[in-house]
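Understanding the architecture of this molecule
Here's the letter readout for the chains.
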Amino acid sequence: MKAVVCKAWGLPDSLVVEQVAAPVAAAGQVLVEVRAAGVNFPDLLIIQGKYQFKPELPFTPGSELSGVVAALGEGVTNVKVGDRVIAFSAQGAFAQQIVVPAQAVMPMPPGMDFDTAAAITLTYGTSHHAVVDRAALKAGETMLVLGAAGGVGLAAIDIGKALGARVIAAASSDEKLAVCREHGADATINYATDDLREAIKAATDGKGPDVIYDPVGGVYAEPAFRSIGWRGRYLVVGFANGEIPKLALNLTLLKGASLMGVFWGEFAKREPKANLAAMRELMGWLAEGKIRPRISARYTLEQSAQALNDMAARKVTGKVVILPQA
């Protein structure tokens, strides 16, 4: 079978696509023929050795996928051969086949297409864990979303609106903010042209947001946190800007505010029942039309480096997917 292989830490152009041995499902595992694989910002960090964990070289990147069950290892009963499934794995999704633990596989809801199924797990799982579980956003509250046109950003907008909150979207261009408005953002801020603190003040009548969702970090973190409302919750989701910010802790004291870390992968591993409940709620919202994953581009396996380069260059809105069988 064909797979993308990372043989040395580096940028996307160092990846290769080659024939590798097909995996075999051992006890408790499921072999899945991959029909679509979601591309995420952590994939870009992992191949450079800059993420929270480093796989052993060589490895195949990619963590979320949809596909068809091709074979079962001994003892697997939650799916059967031929089932259309969604799966999550630490690595290996950018390939024509993958082996994953049975507990990391769930049936696709009826009527869902493979592209959407591959685009919902990590981004919507992360944003649900952040907004619902960590921040406990309530109807009538206000949430500011930084990097709002990206995968997790649009997911946060969708989830905020599903909960009945007011959502302010911040992004780096008017084109990206138009996408945010399509997903229901009530107000928008272009932080490439606007003074972020003044814009937040104007958008919240000086009260500040109740929740700030930050997957960007860098230079935007401090002005955003200084603008947070009383008892506000600041969600540390990631650092797409490339810089891990340093915040003066007296700011938490002055606002009675909380800094909350968001690491969905660890949450899913440590609290699988809570994660499964979250995914069921997301699937219900999807069926009701309350959340709408946006897929802005599709790539072949041979174009995987281009997909990651486009993400690094911030050309992506919502999600992009790789189609290994194309």
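Values in this document were obtained by computation on a predicted structure and should not be read as measured data. Along each chain, numbering runs from 1 in the same order as the chain's sequence is written. In keeping with the model being predicted, local features are shown solely for residues with a pLDDT of at least 70 and side-chain atom pairs are shown and tallied solely at 80 or more, while totals for entire chains, interfaces and linings include all residues. Side-chain descriptors were evaluated using all non-hydrogen atoms of the structure, hydrogens and water having been removed beforehand.

Take the overall build of the chain next. When its secondary structure is counted, the chain shows 11 helices and 15 strands. A compact globule built from 326 residues would reach a C-alpha radius of gyration of about 20 Å, and the chain, at 20 Å, matches this within 12%. Across its three principal directions, the C-alpha atoms of the chain cover 60 × 40 × 35 Å. Taking all 326 residues of the chain together, 54% fall into the buried category. Here, two residues are considered to be in contact whenever any of their heavy atoms come within 4.5 Å of each other. Considering only residue pairs separated by 6 or more positions, the chain has 69% of its internal contacts joining residues 24 or more positions apart. In short, Shrake-Rupley with a 1.4 Å probe defines the accessible areas, and a residue's cover is counted only from the protein chains shown. Counting every atom, the chain has about 14000 Å² of accessible surface; 52% of that belongs to carbon and sulfur. In this tally, Lys and Arg are treated as positive and Asp and Glu as negative; His is ignored, and so are the chain termini. Every charge is mapped to an atom, namely NZ of Lys, CZ of Arg, CG of Asp or CD of Glu. In the chain, the 32 positive side-chain charges and the 31 negative ones have mean positions that sit 4 Å from each other. Secondary structure elements follow DSSP: runs of H or I of four or more residues count as helices, runs of E of two or more count as strands, with numbering from the N terminus. Radius of gyration here is computed from C-alpha atoms only, and the compact-globule reference equals 2.2 Å multiplied by the residue count raised to the power 0.38. Buried means the residue's accessible area, taken with a 1.4 Å probe over protein chains only, is under 20% of the maximum for its type, while exposed means over 50%, and partly exposed covers the values in between.

Here, the term nonpolar core denotes a set of buried Ala, Val, Leu, Ile, Met, Phe, Trp, Tyr and Cys residues that are joined through side-chain atoms within 4.5 Å. Counting residues in each nonpolar core, the largest one holds 46 residues, and the members touching the most others are V131, M143, V145, I157, C180, Y213 and L235. Ranked by residue count, the leading element in this core is helix α4 (residues 151–162), at 6 residues. When neighbours within four sequence positions are excluded, V145 is seen to be in contact with G153, A156, I157, V167, I168, A169, A170 and Y213. If you look at the next biggest cluster of nonpolar residues, it comprises 32 residues, including C6, V30, F59 and V69.

This next bit is on the UniProt feature "domain: Enoyl reductase (ER)" (unreviewed entry) in the chain. UniProt positions are given in the numbering used here, feature names are shortened, and annotations may be inferred rather than shown by experiment. In the numbering used here, UniProt assigns the "domain: Enoyl reductase (ER)" (unreviewed entry) feature to residues 10–322. This span, residues 10–322, is 31% helix and 23% strand, and a straight line between its end C-alpha atoms measures 20 Å.

A cis geometry characterises the amide bond from L57 onward to P58, with omega recorded as -10°. Structurally, P58 is set in the loop between α1 (41–46) and β4 (64–72). Of note, A136 is a non-glycine position whose phi angle comes to about 50°, a positive value. As for its placement among the helices and strands, A136 is situated in the loop between α3 (121–134) and β8 (142–145). The phi dihedral of R231 falls on the positive side, at around 60°, and the residue is not glycine. Mapped onto the elements of the fold, R231 is located in the loop between α7 (221–226) and β12 (233–236).

Further remarks concern the packing of α3 against helix α10 (residues 272–287). Viewed as axis vectors pointing N to C, α3 and α10 meet at an angle of 110°, and their least axial separation amounts to 10 Å. As the angle between them shows, α3 and α10 are arranged roughly perpendicular. Contacts from T121, Y124, G125, H128 and V132 in α3 reach A278, M279, E281, L282 and W285 in α10. A fitted line through C-alpha atoms represents every axis, and for helices the fit uses only the stretch in contact; the resulting angles, taken between N-to-C directions, go from 0 to 180 degrees. Small angles under 35 degrees read as roughly parallel and large ones over 145 as roughly antiparallel, with 65 to 115 read as roughly perpendicular and the rest as oblique.

Strand order in the open sheet formed by 6 strands is β10-β9-β8-β11-β12-β13, and the pairing between neighbours is parallel. Each edge of the open sheet carries a strand with a single partner, namely β10 (187–190) and β13 (258–261). Going from strand to strand, the sheet's axes swing by 20° on average, the running direction of each strand aside. Strands were regarded as paired on the criterion that DSSP finds at least two bridges between them. Two elements, β8 and strand β9 (residues 166–171), share 4 bridges in a ladder whose sense is parallel. When the sheet's bridge partners are listed, T142 is paired in β9 with R166. Across the sheet, α3 lies against β8, β11 (211–214), β12 and β13, angled at about 160° from β11, the strand it touches most. This element, helix α6 (residues 196–203), spans β8, β9 and β10 of the sheet and lies at about 170° to β10.

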